[in-house]
Amino acid sequence: MFEKIKSYKYSGAFISVFLTAVIATVLFPAEGKFKYEYQKGRPWLYETLIAPIDFPILKNEAELRDEKDVKASQVIPYFVYDNLIKNKQIRQLSEVAAKTDLDSRITTYVLTKLSFIFDRGVVNEFSSDVKRNNLIIIQKGKANFETAAQEVFEKKAALLYLREKIQQEMPAYDAEKVLADLDVEKYLVPNVRFDLNITQIAHKSAGDYISPTKGMIYTGQIIVTKGETITAETEQLLDSFKKEYELSMGFTGSIYLLKIGQFFLIAAVLIMFAVSL
């Protein structure tokens, strides 16, 4: 008989704890959950919303994408300077010069000018993008140098430069014959090459450093007024406020999960209290 009464007592206590936990959970405020619903093109259905906290204005996806595209288009292409090519080609051309009938004055002149060309750098040909943007970065050893693309010789331009210099400064010699006898074109090889890998890394890094925000809303500023039609700009402000609000309050998940968690927490406290009696 006593065991039956005791069983009823425990059952009643369990039911009381369960009902109390349910009621407390329903009444417990869902803090941290953004309580406003809104849609672009619809009126704001609540009272005028004034910023209770400072928060940054977030850029939308289109703005971020456009800014990344602009940054990427401004990336300066990287080239690598090969230090070994100059000495190798000058040495080989010197050996060729020694076997020709050309006198030492003109061969020394050509070798000196060729050394100057290699020091500036030689490429086969620049792409149209490089020519249009003009700036490039040349890596020499561990150092990087930003320079105008026009400061580096394209191969055809280098040959033209060498021919014109001979005609201007050594007019006693036939420039075409000198260049042909020495077979200069064969030894005028590119010593500056485009580095796609480093350029792609720079391209990616440019996009990684895009700021996600574009200004601030400060405490006390009006975000949206009652009845105001929500424009794209207002929606952006509301989205920004919602993001900051949920981050500040610490909950961005499902309201149902929040309530379940609250229920178990309240039930645990009530059970501990009941057991202690």
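Predicted, not measured: the structure shown is a model, and the values here were computed from it.

Student: Any chance you could break down the side chain of Q89 for me, citing the residues and the numbers?
Tutor: When you line up the elements, Q89 lands in helix α3 (residues 83-98). Looking at Q89, the relative accessible area reads 7%, which means it is buried. Within polar-contact distance, the side chain of Q89 engages the backbone oxygen of Y187 at 3.1 Å. Ignoring anything within four residues of it in the chain, the contact list for Q89 reads F118, K186, Y187 and V189.

Student: So what about the pattern of salt bridges? Which residues, and what values?
Tutor: For the structure on display, the rule yields eleven salt bridges. Across the pair E63 and K214 runs a salt bridge, and its minimum N-O distance is 2.7 Å. Taken together, the residues E63 in helix α2 (residues 61-73) and K214 in strand β9 (residues 213-217) connect sequence positions 151 residues apart. Since its relative accessible area comes to 27%, E63 is described here as partly exposed. Ionic pairing is found between K177 and D181, a salt bridge with its closest N-O pair at 2.6 Å. You can see K177 and its partner D181 sitting in helix α7 (residues 175-182), four residues apart, about one turn around the helix. A residue is classified by how much of its surface remains accessible, and K177, at 47% relative accessible area, is partly exposed. The class of D181 is partly exposed, set by a relative accessible area of 33%. What emerges from the salt-bridge pattern is a single network uniting K113, K165 and E169.

Student: With reference to specific residues and values, describe the packing of aromatic side chains.
Tutor: This structure, assessed with the given rule, holds eleven aromatic pairs. Ring geometry for Y38 and W44: centres 6.4 Å apart, planes at 45 degrees, overall tilted. Classification of W44 as buried rests on a relative accessible area of 2%. Among the aromatic residues, those joined into a ring-pair cluster are Y36, Y38, W44 and Y46. Just above the ring of Y81 sits the side chain of K140; from NZ or CZ to the centre is 4.5 Å.

Student: Break down the sheet that holds strand β6 (residues 143-148) for me, with residues and values.
Tutor: Taken in spatial order, the four strands line up as β6-β5-β3-β8 in an open sheet, and their pairing is mixed. Looking at strand neighbours, the two that pair on one side only are β6 and β8 (192-194), the edges of this open sheet. Geometrically, the sheet is characterised by an average inter-axis angle of 30 degrees between neighbouring strands, direction not taken into account. In this structure, strand β3 (residues 78-81) lies alongside β8, joined through three bridges in antiparallel fashion. For F79, the partnering residue across the bridge sits in β8 and is F194.

What counts and what doesn't
- Residues numbered from 1 in each chain as written.
- Predicted model: local features only at pLDDT ≥ 70, side-chain atom pairs only at ≥ 80, totals over all residues.
- Heavy atoms only, no water.
- Helix = DSSP H or I, 4+ residues; strand = E, 2+ residues; numbered from the N terminus.
- Buried < 20%, exposed > 50% of the residue type's maximum accessible area, 1.4 Å probe, protein only.
- Polar contact = N/O pair within 3.5 Å; in protein donor to acceptor, adjacent residues only side chain to side chain.
- Contact = heavy atoms within 4.5 Å.
- Salt bridge = Lys/Arg side-chain N within 4 Å of Asp/Glu carboxyl O.
- Phe/Tyr/Trp six-rings, centres within 6.5 Å; stacked < 30°, edge-to-face > 60°.
- Lys NZ or Arg CZ within 6 Å of the ring centre and 35° of its normal.
- Pairing = 2+ DSSP bridges.
- Axes fitted to C-alpha atoms, helices over the stretch in contact; angles between N-to-C directions.

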